[in-house]
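# Per-entry structural report
Take a look at the letters that make up each chain.
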Amino acid sequence: MSTEQHTLSLTRDFDAPREKVFEAWMEPDQLTKWFGPVEVDAPREKIIVDPRVGGVWQVVMAWTDENGPQEAPIEAVITQLNAPGLLVATAKAAPDADHEYEEMHLEFEDLGGSRTRMHLTQGPFASEEWVEMTRDGWGTSFDKLDATLG
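What comes next is a walk through the structure.

What counts, and where the lines are drawn
Residues numbered from 1 in each chain as written. Predicted model: local features only at pLDDT ≥ 70, side-chain atom pairs only at ≥ 80, totals over all residues. Heavy atoms only, no water. Pairing = 2+ DSSP bridges. Helix = DSSP H or I, 4+ residues; strand = E, 2+ residues; numbered from the N terminus. Phe/Tyr/Trp six-rings, centres within 6.5 Å; stacked < 30°, edge-to-face > 60°. Buried < 20%, exposed > 50% of the residue type's maximum accessible area, 1.4 Å probe, protein only. Contact = heavy atoms within 4.5 Å. Axes fitted to C-alpha atoms, helices over the stretch in contact; angles between N-to-C directions. Patch = residues over 30% accessible without salt bridge, like charges linked within 9 Å, V, L, I, M, F, W, Y side chains within 5 Å. Areas by Shrake-Rupley, 256 points an atom, 1.4 Å probe, with all protein chains shown as cover. Salt bridge = Lys/Arg side-chain N within 4 Å of Asp/Glu carboxyl O. Lys, Arg positive; Asp, Glu negative; His and termini not counted. Charge placed at Lys NZ, Arg CZ, Asp CG, Glu CD. Core = buried A, V, L, I, M, F, W, Y, C linked by side-chain atoms within 4.5 Å. Parallel < 35°, antiparallel > 145°, perpendicular 65-115°, else oblique. Left-handed = near helix turned anticlockwise from the far one by under 90°. Nonpolar A, V, L, I, M, F, W, Y, C, P; charged D, E, K, R; others polar.

## Points about the pairing of strand E7 (residues 115-125)
As defined by bridge partners, strand E1 (residues 6-14) adjoins E7 across eight bridges and the pair is classed as antiparallel. Each bridged residue has a counterpart across the sheet, and for aspartate 13 the counterpart in E7 is arginine 117. Here strand E6 (residues 101-112) folds back onto E7, and the loop between the two strands holds two residues, one of which, glycine 113, carries a positive phi near 60°.

Below is the structure:
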């Protein structure tokens, strides 16, 4: 097992107020509309958010491929919460990872004029390949979020 750790960092601007972007992460009815890469759904009945430190943040991504229906659960615990500026959650790592947990750190910066800059840091990941796959997934998810916010 490798001891090297890989981290994803990305920034995305949205044409929406900070409170609205933050709410999209905390409200299950909104998460179901945008969470997951293209061709991946987040069924509303499989989303649980308890918006408090120590609360659960759980989403199940669902899709169908050549092997039939697939699911990938994300089970996280909120470790820091300062609405609407900060959300930090720790999730169980993928079964094939060389570490037990991954942290997702989100900062929501008010740019004024109903614009928000979101900073995401996530990791550690087992390899740069995992970082890039995750970056691609977030990219299409955030495209869906942008459309939802509009």
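Still to come is the rest of the account.
## A look at the packing of aromatic side chains
This model, assessed by the stated rule, comprises eleven aromatic pairs. Between tryptophan 34 and phenylalanine 142, the ring centres sit 6.3 Å apart and the planes meet at 40°, which makes this aromatic pair tilted. Taken together, the positions of tryptophan 34 in helix H2 (residues 28-34) and phenylalanine 142 in helix H3 (residues 128-149) put the pair 108 residues apart, joining distant regions of the chain. In this structure phenylalanine 142 comes out as buried when scored by relative accessible area, which is 1%. Members of the aromatic cluster, joined through ring pairs, are Phe14, Trp25, Trp34, Phe35, Trp57, Trp138 and Phe142.

## What to know about the sheet that holds strand E4 (residues 68-82)
One open sheet accounts for seven strands, arranged E1-E7-E6-E5-E4-E3-E2; its pairing is antiparallel. Each edge of the sheet is formed by a strand with only one pairing partner; in this case those strands are E1 and strand E2 (48-49). With ten bridges joining them, strand E3 (residues 56-65) and E4 adopt antiparallel strand pairing. The partner of valine 56 across the bridge, within E4, is valine 77. Helix H1 (residues 18-26) rests against E1, E2, E3, E4, strand E5 (86-92), E6 and E7 of the sheet, and its axis sits at about 155° to E6. Against the sheet, H3 makes contact with E1, E6 and E7, and its axis sits at roughly 15° relative to E1, the strand it touches most.

## Observations concerning a negative patch on the surface
Together, Glu19, Glu107, Glu109 and Asp110 make up a negatively charged patch on the protein surface. Per element, the largest residue contribution to the negative patch is three residues, and it comes from E6. Tracing the backbone through its elements, the reader meets glutamate 19 in helix H1. Judged by relative accessible area, glutamate 19 falls into the partly exposed class, the value being 47%.

## Let's talk about the nonpolar core
Ranked by internal contacts, the top residues of the largest apolar core, which has 35 residues, are Trp25, Trp34, Phe35, Trp57, Trp138 and Phe142. With sequence-adjacent residues up to four places away left out, tryptophan 138 is seen in contact with Leu8, Leu10, Trp25, Trp34, Phe35, Met104, Leu120 and Gln122.

## Some words on unusual backbone geometry
Backbone torsion omega between alanine 83 and proline 84 reads -5°, so that peptide bond is classified as cis. Locating proline 84 in the fold gives a position in the loop between E4 and E5. Here the phi dihedral of glutamate 39 falls at roughly 70°; this positive angle occurs in a residue that is not glycine. If you trace the backbone, glutamate 39 turns up in the loop between H2 and E2. Residue classification places glutamate 39 among the exposed positions, given a relative accessible area of 74%. Despite not being glycine, serine 114 shows a phi value in the positive range, around 60°.

## Some thoughts on the packing of H1 against H3
Two numbers describe how H1 lies on H3: the axes approach to 11 Å, and their chain directions differ by 120°. One element, H1, and the other, H3, form an angle in the oblique class. Crossing hand, H1 versus H3: right-handed. Contact residues: H1 offers Lys20, Val21, Ala24 and Trp25, while H3 offers Trp138, Phe142, Leu145 and Leu149. When grouped by side-chain class, the residues that make up the contact of H1 with H3 number seven nonpolar, no polar and one charged.

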